[in-house]
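Overview (structure and organization)
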Amino acid sequence: QVQLVESGGGLVQPGGSLGLSCAASGIFFRFYTMAWYRQAPGNERELVAEITSGGMPNYADSVKGRFTISRDNAKKMVYLQMSSLMPGDTAVYYCYARRVGENVYWGQGTQVTVSS
């Protein structure tokens with residue numbers, strides 16, 4: 001059974017920082033590209049950042065220079081460190097796993113709210 005479990009969401013003030021974690025189980029984690037998506041009310045789900053099985057990151061233009069994605073293959077974890085947060089970053093953040101020829105998987109999401 002595949003599970004992606006996010007943690008670390010919450011309320012943060014504008015300009016603050018927050019870290020998200022995603023614990024994966026049931027997949028050959030090291031072979032998967034992992035990603036973080038987000039969805040704000042009324043908006044489509046959008047890619048925030050992804051990291052390939054080889055550790056190559058890619059970021060949405062809106063978060064470049066502010067967010068950092070990383071992974072720990074031994075722990076089957078993927079992280080998203082967010083800084084200089086803005087109200088526009090408020091959304092439910094989802095962990096995502098994909099591999100060519102395999103199913104894609106989603107976590108249940110964690111709420112991030114940026115507000116004073």
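What comes next concerns the included structure. Every value quoted in this text rests on a predicted model; they were computed, and no experiment measured them.

**Considerations on the overall build of the chain**
The helix and strand tally for the chain stands at 0 helices and 11 strands. In terms of overall dimensions, the chain is globule-like: its C-alpha atoms have a radius of gyration of 13 Å, near the 13 Å expected for 116 residues. Expressed as lengths along the three principal axes of its C-alpha atoms, the size of the chain is roughly 40 × 25 × 25 Å. The buried share of the chain, taken over its 116 residues, is 40%. The long-range fraction of contacts in the chain, counting pairs at least 24 apart against all pairs at least 6 apart in sequence, stands at 53%. The averaged location of the 8 negative side-chain charges in the chain is 7 Å from the averaged location of its 10 positive side-chain charges.

**Structural notes on the side chain of Ser21**
Along the chain, the position of Ser21 falls in strand β3 (residues 18-25). Ser21 has contacts with Val5, Glu6, Ser7, Trp36, Met77, Val78 and Tyr79, leaving out every residue within four places of it along the chain.

**Focus on the sheet that holds strand β1 (residues 3-7)**
Strands in a sheet are paired, the pairing made by backbone hydrogen bonds, and the direction either parallel or antiparallel. With antiparallel pairing, 4 strands are arranged side by side in an open sheet as β1-β3-β8-β7. Edge positions in the sheet fall to β1 and β7 (67-72), since each of these pairs with one other strand and no more. Within the sheet, the average angular offset between the axes of one strand and its neighbour, ignoring direction, is 15°. Pairing of β3 with strand β8 (residues 77-82) involves 6 bridges; the strand directions are antiparallel. Bridged to Cys22 within β8 is Val78.

Rules used throughout
Residues numbered from 1 in each chain as written. Predicted model: local features only at pLDDT ≥ 70, side-chain atom pairs only at ≥ 80, totals over all residues. Heavy atoms only, no water. Helix = DSSP H or I, 4+ residues; strand = E, 2+ residues; numbered from the N terminus. Rg over C-alpha atoms; globule rule 2.2 N^0.38 Å. Buried < 20%, exposed > 50% of the residue type's maximum accessible area, 1.4 Å probe, protein only. Contact = heavy atoms within 4.5 Å. Lys, Arg positive; Asp, Glu negative; His and termini not counted. Charge placed at Lys NZ, Arg CZ, Asp CG, Glu CD. Pairing = 2+ DSSP bridges. Axes fitted to C-alpha atoms, helices over the stretch in contact; angles between N-to-C directions.

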